[in-house]
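Results of the structural survey
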Amino acid sequence: MYQPEDSAQAPAAPTAVLTGLGSWLPPHEITNDELCAHLDTSDTWIRERIGISVRRRADPKTATGDLAAEAGARALRSAGVTRADAVILATTTPDHPCPATAPAVAARLGLGDVAAFDVAAGCSGFLYATTIAAGLIRSGTAGRVLVIGAETMSAVIDPEDRSTAPIFGDGAGAAVLEAGRPGQAGAIGKVVWGSDGARSDAIVIPVGGSRNRDGRDAAPPSERHVRMRGNEVLRHAVRRMTAAATQAAEAAGWALEDVDRLIVHQANARISAGVSAALGIPPERVPSNIATVGNTAAASIPLLLADAAAQGALHDGHRVLLVAFGSGLAWAATTLVWPAGLRVEI
């Protein structure tokens, strides 16, 4: 007769642990005044309503894969390693509709014939990719995974669209996750995630995929760019991120007042403020870099983590709550305790 293994004697499954973190931003900055020269808006309106002063733009010869490879290389150096068993790239702006961008990034990093694929979950993409990486590690399929969030949003933004042009920026951030022990500092906690596809057209690029292929050649240029219903997105973002963050903290056994740092996807300063207020986490515990990089979509969370660590806002043992929301509509939240000795490369 089959006898189930005594769970008390069975070894615990490995847990994904953060061991490296890197970021890369294109050097060219676009100020609000530059945008206002051809948009019906003002520097004051952008700063007060969105919270952005400048954002980065990649030059036309620089693609998402270029940004991803640079951030990935920095994350590997941060972790002190040269190999990974898989590469997962979260992006809304791949180099090509086909193939995925991740395999080319893995090749550029000299990682050989490793598994590599893209994840399209909008601004929640990095946390989605992290969840997949944690599953690969827990199952024993991979011992080390390079997770990258990279975007060249300038490629899909209408420069004449007042509702999107001031918001988005380009950039990339990456993390190395390795097999470790449950409860170890840096271990990725339970992920709370979901989506609301009934509202997927709230953030959308109307043509370019298989849905509107009959009319895509005749479609006006505006149909090839991101369209967003900002007020609707703001309303759902605050509600969904608040709920997901609360559940993730509960899963970690944390009271919200015990959270040391809240890392919120940098979509809009008002959204971040709304989430922190709803959670009762004071502003001084909520790092932000939206003023200097804008909304970098899937790159937002790793860029903010790297920036906060470099600025000394993340200390060993800090309880960190991460949450994101974006197109899809998709959201995700998780937790980790900041590990000692993590060398961030930015």
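Above this text is the structure in question.
Figured I'd write up the structure that's included with this text. A quick note: this is a predicted structure, and the numbers were derived from the prediction, not measured.

Attention now moves to the overall build of the protein. Along the protein, the regular secondary structure elements total nine helices and 14 strands. Over its C-alpha trace the protein gives a radius of gyration of 20 Å, about what one expects of a compact globule, namely 20 Å for 346 residues. Counting only residues that meet the buried cut, the protein has 53% of its 346 residues in that class. Sequence separation of 24 or more characterises 78% of the internal contacts of the protein that already satisfy a separation of 6 or more. Of the roughly 15000 Å² of accessible surface on the protein, 51% is carried by carbon and sulfur atoms.

Here we come to the environment of Ala249. Checked against the element boundaries, Ala249 lands in helix 6 (residues 230-251). Residue Ala249 is classed as buried on the basis of its relative accessible area, which comes to 0%. Put simply, Ala249 and Ala121 are 128 residues apart on the chain and 22 Å apart in space, counted from C-alpha to C-alpha. Setting aside chain neighbours within four positions, we find Ala249 in contact with Trp254, Leu256, Leu321 and Thr335.

In this section: the environment of Val192. Here Val192 is to be found in strand 8 (residues 192-195). Counting along the chain gives 19 residues from Val192 to Arg211, while the straight-line C-alpha distance between them is 30 Å. Those residues in contact with Val192, other than ones at most four positions away along the chain, are Ala244, Gln247, Ala248, Trp331, Ala332 and Ala333.

Time to look at the pairing of strand 5 (residues 115-119). Pairing analysis gives five bridges linking strand 4 (residues 86-90) to strand 5, with the strands arranged parallel. Within the sheet, the bridge partner assigned to Ile88 lies in strand 5 and is Phe117. Assessed by its sense of winding, the connection that carries the chain from strand 4 through helix 4 (residues 102-108) to strand 5 is right-handed.

Further remarks concern unusual backbone geometry. The omega torsion across Cys98 and Pro99 is 5°, close enough to zero to call that bond cis. Position of Pro99 among the secondary structure elements: in the loop between strand 4 and helix 4. A positive phi angle, close to 55°, is found at Ala297, a residue other than glycine. Following the sequence through the fold, Ala297 ends up in the loop between helix 8 (290-293) and helix 9 (300-310).

The subject of this paragraph is the sheet that holds strand 1 (residues 15-24). Ordered in space as 5-4-6-7-1-14, the six strands form an open sheet in which the pairing is mixed. The two strands at the open ends of the sheet, each matched to only one other strand, are strand 5 and strand 14 (344-345). In the sheet, strand 6 (residues 144-151) pairs with strand 7 (residues 171-180) via eight bridges, with the strands oriented antiparallel. Each bridged residue has a counterpart across the sheet, and for Val147 the counterpart in strand 7 is Ala175.

Looking at where Asp158 falls in the secondary structure, it is placed in the loop between strand 6 and strand 7. Within the buried core, Asp158 has no salt-bridge partner, and the shortest N-O distance to an opposite charge, that of Arg227, equals 7.5 Å. Of note is the side chain of Asp158, whose polar atom sits 2.9 Å from the backbone nitrogen of Glu160.

Taken across its eleven residues, helix 9 has nine buried, putting it largely inside the fold. Considered for burial, the residues of helix 9 that qualify are Ser300, Ile301, Pro302, Leu303, Leu304, Leu305, Ala306, Ala308 and Ala309. In this structure, the buried side of helix 9 is in contact with strand 1, helix 5 (125-139), strand 7, strand 11 (261-264), strand 12 (319-326) and strand 14. Of the residues trailing helix 9, Gly312 is marked for its positive phi of about 80°.

What follows concerns empty space enclosed by the protein. Enumeration over the complete set of coordinates arrives at one cavity of 30 Å³ or more. Approximately 90 Å³ is the volume found for the largest cavity. Along its surface, the largest cavity is lined by Leu18, Leu21, Phe126, Leu127, Thr130, Ala175, Leu177, Ile188, Leu305, Leu322, Thr334 and Leu336. Among the elements of the structure, strand 1, helix 5, strand 7 and strand 13 (330-337) are those that each provide at least two residues to the lining of the largest cavity. Taken together, the residues of the lining of the largest cavity sort by class into ten nonpolar, two polar and no charged.

About the thresholds
- Residues numbered from 1 in each chain as written.
- Predicted model: local features only at pLDDT ≥ 70, side-chain atom pairs only at ≥ 80, totals over all residues.
- Heavy atoms only, no water.
- Helix = DSSP H or I, 4+ residues; strand = E, 2+ residues; numbered from the N terminus.
- Rg over C-alpha atoms; globule rule 2.2 N^0.38 Å.
- Buried < 20%, exposed > 50% of the residue type's maximum accessible area, 1.4 Å probe, protein only.
- Contact = heavy atoms within 4.5 Å.
- Areas by Shrake-Rupley, 256 points an atom, 1.4 Å probe, with all protein chains shown as cover.
- Pairing = 2+ DSSP bridges.
- Right-handed = clockwise from strand over helix to strand, strands pointing away.
- Lys, Arg positive; Asp, Glu negative; His and termini not counted.
- Salt bridge = Lys/Arg side-chain N within 4 Å of Asp/Glu carboxyl O.
- Polar contact = N/O pair within 3.5 Å; in protein donor to acceptor, adjacent residues only side chain to side chain.
- 1 Å grid on protein atoms, 1.4 Å probe; cavity = no way out; pocket = protein on both sides within 12 Å on 5 of 7 lines; lining within 4 Å.
- Points joined across faces, edges and corners; volume = space filled by probe spheres on them.
- Nonpolar A, V, L, I, M, F, W, Y, C, P; charged D, E, K, R; others polar.

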